[in-house]
Amino acid sequence: MVNTTPSNRSFALISLITLSALLLINLPQLNITSTTIKSTVRLVSLREEVPTSPTSSPTQHQSDEELYLVPPSQQWMQAQMDNAMEMLSLKHDPPNNWKGCDHLPQTYYFRNIRTVFTGIPKSGCSNWLEALLRAEGTLDYQLPGTEVYQVHGVLSARHRMSYIRQIGEAISDKFSFTVIRNPWTRMVSGYRDKLSDEITQGHDKRAIGIAIVREIRGITDPEILETLYPTFEEFLKYLIKHETTKNAHFMPQHNILCIPQSKYDYIVPLEYSTVMNEDIWSHINATVSLLGSYDSASDPREQTSTQRAREWFGKIDPSIVEQIYELYKEDFALLNYSNFTDPNFPLPLYN
């Protein structure tokens, strides 16, 4: 169900409006600064299904001891991916051509488990890579969370598509999947992990942070710059000025995906990784498990990056928010992601 109120904005609805002909719906054009979508995402407890109230606050969720989020169907997600590709004027023509993406270092092939994986930075790619390396046999033990960053070095180098292309192995028919994330929480996570002074499990991008402060604040003294970190708003202004960035942690996700050269067999929204990772391991006949979230909250609507996104974007000048949305609107369309004002943010909006 889609409800509208004049006090909120909906960015996820824009993609629905753009693609209404494909989705066989007819919605009026709405101003993104004055509308919100109420999600129909449902929660499943061990005992029963309980529809989430569209008017409940972000903290008023079903509170059973064990809670499972119901992911959208693969059919729905594949249709959304096709819609986003149409927005980008892209169309996939079979067969898959994974080697045509050898310029994208985030796409990997694991020969033993016959699996292609595109790992989008700040969409859980480190944890997924770590598990895939164990399933492949490249890694014979589970890395602790503080050392997962090691998977981006020599451990995964020979699995990158640029290396696979050189050995000439045919992989067009191999199982493939990727993980996609709500752009709002991905931006907040990237800022917290790479640019802020917050201590996280990742390695920061200090040079980028210094460049942002230098450019936005006009400070040039190297000694002073070494002591300063950009604010979240300065980070957003930098993205707007440069029309995003070439750094994979902050660039749009659709620029990292191997599209339209190939079509993924399976799509995992990061928000449902806890539920859906078992489907991946079952398909490739692996007995590994995915490292848990670094956040103490299991419900993605209650995790730190979600709460920060609600707070931070809610305080940013609406004109800045709208410009950021325009830069990443195709990423929102990938899975029709909810806006930060939605009670079920950051989940995809689906029927």
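For the structure itself, look to the data block above.
Analysis parameters
- Residues numbered from 1 in each chain as written.
- Predicted model: local features only at pLDDT ≥ 70, side-chain atom pairs only at ≥ 80, totals over all residues.
- Heavy atoms only, no water.
- Helix = DSSP H or I, 4+ residues; strand = E, 2+ residues; numbered from the N terminus.
- Buried < 20%, exposed > 50% of the residue type's maximum accessible area, 1.4 Å probe, protein only.
- Contact = heavy atoms within 4.5 Å.
- Areas by Shrake-Rupley, 256 points an atom, 1.4 Å probe, with all protein chains shown as cover.
- Lys, Arg positive; Asp, Glu negative; His and termini not counted.
- Salt bridge = Lys/Arg side-chain N within 4 Å of Asp/Glu carboxyl O.
- Axes fitted to C-alpha atoms, helices over the stretch in contact; angles between N-to-C directions.
- Parallel < 35°, antiparallel > 145°, perpendicular 65-115°, else oblique.
- Left-handed = near helix turned anticlockwise from the far one by under 90°.
- Nonpolar A, V, L, I, M, F, W, Y, C, P; charged D, E, K, R; others polar.
- Pairing = 2+ DSSP bridges.
- Phe/Tyr/Trp six-rings, centres within 6.5 Å; stacked < 30°, edge-to-face > 60°.
- Lys NZ or Arg CZ within 6 Å of the ring centre and 35° of its normal.
- Disulfide = S-S within 2.5 Å.

Sorry if this is basic, but what is going on with the overall build of the chain here?
Tallying secondary structure elements over the chain gives 13 helices and 7 strands in all. Burial status across the chain gives 52% buried among its 351 residues. Within the chain, contacts between residues at least 6 apart in sequence are counted, and of these 73% link residues at least 24 apart. With the model as given, the accessible surface of the chain reaches about 16,100 Å², and the carbon-plus-sulfur share is 49%.

How do you make sense of the side chain of arginine 160 when you look at a structure like this?
Among the structural elements, arginine 160 can be located in the loop between helix H5 (154–157) and helix H6 (161–167). Look at arginine 160: it is buried, it has no salt bridge, and the nearest opposite charge is aspartate 102 at 12 Å. Discounting residues that sit within four places of it in the chain, arginine 160 has contacts with Pro105, Gln106, Thr107, Tyr108 and His152.

How should the pattern of salt bridges be read in this particular structure?
Between side chains of opposite charge, pairing is possible as soon as their charged atoms come close. Overall, the coordinates contain 13 salt bridges when judged by the stated rule. As a salt-bridge pair, arginine 134 and glutamate 130 come within 2.8 Å of each other at their nearest N and O atoms. Residue arginine 134 and its partner glutamate 130 are located together in helix H4 (residues 125–136), separated by 4 residues, close to a single helical turn. Taking the relative accessible area as the measure of exposure, arginine 134 reaches 15% and is therefore buried. Given a relative accessible area of 0%, glutamate 130 falls into the buried group. Put simply, glutamate 234 and arginine 217 hold a salt bridge, and the shortest N to O gap is 2.7 Å. Here arginine 217 lies in helix H8 (residues 206–217) and glutamate 234 lies in helix H10 (residues 232–241), a separation of 17 residues in the sequence. What makes arginine 217 partly exposed here is its relative accessible area of 35%.

Sorry if this is basic, but what is going on with the packing of helix H7 (residues 183–194) against H10 here?
When two helices pack together, their arrangement is given by the angle between the helix axes and the distance between those axes. Taken N-terminus to C-terminus, the directions of H7 and H10 make an angle of 115 degrees; their axes are 11 Å apart at the nearest point. On the basis of their axis angle, the class for H7 and H10 is roughly perpendicular. Pair H7 / H10 crosses with right-handed handedness. On H10, the residues that touch Met187, Val188 and Tyr191 of H7 are Phe232, Phe235, Leu236 and Leu239. Per-class residue counts for the contact of H7 with H10 are 7 nonpolar, no polar and no charged.

Looking at this structure, I do not really get the pairing of strand S6 (residues 175–180). What am I missing?
When a strand is regular, its side chains alternate between the sheet's two faces. The buried count for S6 comes to 6 of 6 residues, which makes it a mostly enclosed element. Of the two faces of S6, the one lined by Phe175, Phe177 and Val179 and the one lined by Ser176, Thr178 and Ile180 are each fully buried. By the bridge criterion, 4 bridges tie strand S5 (residues 115–118) to S6 in an arrangement that is parallel. By the bridge assignment, threonine 118 is partnered in S6 with threonine 178. Two elements, S6 and strand S7 (residues 266–269), share 4 bridges in a ladder whose sense is parallel. Considered in S7, the bridge of phenylalanine 177 is made with tyrosine 266.

Would you mind showing me how to read the packing of aromatic side chains here?
Two aromatic rings are characterised by how far apart their centres lie and by the angle between their planes. In the structure shown here, the tally under the stated rule is 19 aromatic pairs. When the ring of tryptophan 128 is compared with that of tryptophan 281, the centres are 5.5 Å apart and the planes differ by 40 degrees; the resulting orientation is tilted. Here tryptophan 128, found in helix H4, pairs with tryptophan 281, found in helix H11 (residues 273–283); they are 153 residues apart in sequence, far enough to count as distant. A relative accessible area of 1% places tryptophan 281 in the buried class. Grouped by ring-pair contacts, the aromatic residues Trp184, Tyr191, Phe232, Phe235, Phe250, Trp312, Phe313, Tyr325, Phe332 and Phe340 constitute a single cluster. Over the aromatic face of tyrosine 229 sits the side chain of arginine 206, whose NZ or CZ is 4.0 Å from the ring centroid.

Is there a simple way to explain the state of the cysteines in this structure?
Among covalent bonds in proteins, the disulfide is the one between the sulfur atoms of two cysteines. Under the counting rule described, the total for this entry stands at 1 disulfide. Across the disulfide from cysteine 101 sits cysteine 258; the S-S distance is 1.8 Å. Looking along the S-S bond of the cysteine 101-cysteine 258 disulfide, the torsion reads about 90 degrees, which is the right-handed sense. With cysteine 101 in the loop between helix H3 (74–87) and strand S4 (107–110) and cysteine 258 in the loop between H10 and S7, the pair connects residues that are 157 residues apart, well separated along the chain. In this structure cysteine 101 comes out as buried when scored by relative accessible area, which is 0%.

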